[in-house]
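Listed here are the chains, written in short residue letters.
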Amino acid sequence: MHMQDLSGVPLLVFLPSEWNFSRGLKMYLVESKGGAIACMLLSLFFLGTWPAILAMLERRGRLPQHTYLDYSITNFSAAIFIALTLGQIGSGTAEESNFITQLSQLPANWPCVLFAMAGGVFLSLGNLSTQYALAVVGLSVTEVITASITVVIGTTLNYFLDDKINKADILFPGVACFLIAVCLGSAVHSSNAADNKVKLDNFPSDPKDGGKQLSANPNKDGKDLETGNDHAVKAKAGTADFLVQLENQRAIKVFGKSIFIGLGIALFAGVCFSLFSPSFNLATNDQWNTLKEGVPDLVVYTAFFYFSVSCFTIAIILNIIFLYRPILGSPKTSCKAYLKDWDGRGWALLAGILCGFGNGLQFMGGQAAGYAAADAVQAFPLVSTFWGILLFGDYRNSSQRTYILLISMLGMFIVAVALLMASAGERT
């Protein structure tokens, strides 16, 4: 059956002849390099955009606990939607049961379910840590550090789990480029922090003083995207006024905090991110032979559902705790205050949708071309850096040294991603 025979069936993503329609209408399974790369590119955009939205809300002053609870709801909803559409449309087979059928097979496939849920725990901890690292060290550096560590550790593990279907002579030079990128990312942050210190040293008074009056004129042209104010007093990006204004309105105060705190949180997030994809790989391919003979492997949609269940559970539990016991100096809040906080809720819900579909597309591509190659979506800092410069004025009026390091970091990232995609194989 060809794609044109299904003109009445709505599809989430249109891919050229990569879907498996043999023996009648079945689940949509990506099976070729072309389809896998298309999934990766969509995933790259989605996964690079949602951290920028969370960073924007924190800079507006919305509490990260409130934002992450909203994000978690739609992130889980995206997994349910994918499972009930792509994972359920059409009949399953003995080798590839559909979503609902596999839910009833839990007594037989529970070992792989546990691997999927372990991956969700790692992702939830990584995402939660990322939210706080974004505030302390910024969007671009956080995403570069976490993505690079993910590739260095996670890609190596996935390469061996996937029985070396990816081209090692292309894959591992790409991994080396990611490792160089993380070093350059740290240098970018250090240089930019020094630039900001020079600006603040020349400011008339102590920037820790929350009552600082800005010299900027009110902006009457409309609502400011970052601050959310209808008549924002907006300082020019890259100035000391801008840095003080940002500190006064944001939810997490960063002046006076050691950069090592932010870098430490980012490193922890990177380690968590490096483990969630190998765990998902084990869930869908059972390389350790944990299932009894005759029990089908989890299809990617079922594994993604269980993965998202644990991710959602951990996020809800930890963020409810953080409402009453906040970290990094965030204000204490409550469930009642969260339910009443509608300022920015739409953005937070959108971030969850983007992340949910981004993760799902990454796994679909990885199941087809190898999860090591699918780690190319860790190039999302390229997208995040674009949003950081466009929305937040990152690196405005920085030194020449900072610009050189930033361009070098992004260039190394592009080379690394190209190599990882070029190493893609085909799962048999």
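Scroll up for the structure.
Okay, so let's go over this structure. (Residues numbered from 1 in each chain as written. Predicted model: local features only at pLDDT ≥ 70, side-chain atom pairs only at ≥ 80, totals over all residues. Heavy atoms only, no water.)

Attention shifts here to a nonpolar patch on the surface. A contiguous nonpolar patch, built from Ile80, Leu84 and Ile100 and spanning about 230 Å² of accessible area, is present on the exposed surface. Along the chain, Leu84 turns up in helix α2 (residues 64-85). With relative accessibility at 45%, the residue Leu84 sits in the partly exposed group. (Patch = residues over 30% accessible without salt bridge, like charges linked within 9 Å, V, L, I, M, F, W, Y side chains within 5 Å. Areas by Shrake-Rupley, 256 points an atom, 1.4 Å probe, with all protein chains shown as cover. Salt bridge = Lys/Arg side-chain N within 4 Å of Asp/Glu carboxyl O. Helix = DSSP H or I, 4+ residues; strand = E, 2+ residues; numbered from the N terminus. Buried < 20%, exposed > 50% of the residue type's maximum accessible area, 1.4 Å probe, protein only.)

Right, let's get into empty space enclosed by the protein. Here the structure, examined in full by the defined rule, presents 3 cavities of 30 Å³ or more. The wall of the largest cavity is formed by 15 residues, among which Trp50, Leu123, Asn127, Phe273 and Phe380 lie closest to the centre. Elements that contribute at least two residues to the lining of the largest cavity include exactly α1 (33-60), α4 (106-137), α5 (139-161), α8 (259-285) and α11 (345-369). Its residues placed into classes, the lining of the largest cavity shows 8 nonpolar, 6 polar and 1 charged. (1 Å grid on protein atoms, 1.4 Å probe; cavity = no way out; pocket = protein on both sides within 12 Å on 5 of 7 lines; lining within 4 Å. Points joined across faces, edges and corners; volume = space filled by probe spheres on them. Nonpolar A, V, L, I, M, F, W, Y, C, P; charged D, E, K, R; others polar.)

Here we take up the side chain of Asn359. By secondary structure assignment, the location of Asn359 is in helix α11. Setting aside anything within four residues of it in sequence, one finds Asn359 in contact with Leu47, Leu123 and Phe304. (Contact = heavy atoms within 4.5 Å.)

Between α1 and helix α13 (residues 380-392), the shortest axis-to-axis distance is 7 Å and the interhelical angle comes to 35°. The handedness of the crossing between α1 and α13 is right-handed. Along its contact with α1, which presents Leu44, Phe45, Leu47, Gly48, Thr49, Pro51, Ala52, Ala55, Met56 and Arg59, the element α13 presents Phe380, Val383, Ser384, Trp387 and Phe392. Residues belonging to the contact of α1 with α13 are distributed by class as follows: 11 nonpolar, 3 polar and 1 charged. (Axes fitted to C-alpha atoms, helices over the stretch in contact; angles between N-to-C directions. Left-handed = near helix turned anticlockwise from the far one by under 90°.)

The next thing to look at is unusual backbone geometry. Even without being a glycine, Lys164 presents a positive backbone phi close to 60°. Looking at where Lys164 falls in the secondary structure, it is placed in the loop between α5 and α6 (168-201).

Turning our eyes to something else, we now look at the pattern of salt bridges. In this structure the tally under the stated criterion is 3 salt bridges. Across the pair Arg62 and Asp341 runs a salt bridge whose closest N-O atoms are separated by 3.3 Å. Linking Arg62 in the loop between α1 and α2 with Asp341 in the loop between α10 (335-340) and α11, this pair joins segments that are 279 residues apart in sequence. Considered together, Arg62 and Asp341 belong to a single accessibility category, that of buried residues. Between Arg345 and Asp70 there is a salt bridge, with the nearest N and O atoms lying 3.0 Å from each other. With Arg345 in helix α11 and Asp70 in helix α2, this pair connects stretches of sequence that are 275 residues apart. For Asp70, a relative accessible area of 2% corresponds to the buried category. One network of salt bridges, with partners in common, ties together Arg62, Asp70, Asp341 and Arg345.

Glancing now at the packing of α1 against α11. Geometry of a packed helix pair, given as the angle between the helix axes and the separation of the axes. Running from N to C, α1 and α11 cross one another at 155°; their axes reach a closest spacing of 7 Å. Compared by their axis directions, α1 and α11 come out roughly antiparallel. Pair α1 / α11 crosses with left-handed handedness. (Parallel < 35°, antiparallel > 145°, perpendicular 65-115°, else oblique.)

Looking now at the nonpolar core. Membership of the largest hydrophobic core comes to 104 residues, with the highest contact counts inside it found for Met40, Trp50, Phe280, Tyr301, Phe363 and Met364. Among the elements that take part in this core, α1 stands out by supplying 13 residues, more than any other. When residues no more than four places from it in sequence are discounted, the contact partners of Trp50 are Tyr71, Asn127, Ala351, Leu354 and Cys355. (Core = buried A, V, L, I, M, F, W, Y, C linked by side-chain atoms within 4.5 Å.)

Moving on, we come to the packing of aromatic side chains. All told, the structure shown has 20 aromatic pairs when counted by the stated rule. On the numbers, 5.0 Å between centres and 80° between planes, the contact of Tyr159 with Phe172 is edge-to-face. Taken as a pair, Tyr159 in helix α5 and Phe172 in helix α6 lie far apart in primary sequence, 13 residues in all. Residue class for Tyr159 comes out buried when judged on its relative accessible area of 7%. Classification of Phe172 by relative accessible area gives partly exposed; the value is 27%. Ring centres of Phe273 and Phe276 lie 6.3 Å apart, and the angle between their planes is 80°; this geometry places the pair in the edge-to-face category. Taken together, the residues span about one helical turn, with Phe273 and Phe276 both in helix α8 at a distance of 3 residues. Judged by relative accessible area, Phe276 falls into the buried class, the value being 3%. Through successive ring pairs, a cluster of aromatic residues spans Phe273, Phe276, Phe280, Phe304, Phe307, Phe363 and Tyr371. The ring of Tyr338 is capped by Arg345, whose NZ or CZ atom sits 4.8 Å from the centre of that ring. (Phe/Tyr/Trp six-rings, centres within 6.5 Å; stacked < 30°, edge-to-face > 60°. Lys NZ or Arg CZ within 6 Å of the ring centre and 35° of its normal.)

Nothing here speaks to function; it is geometry throughout.
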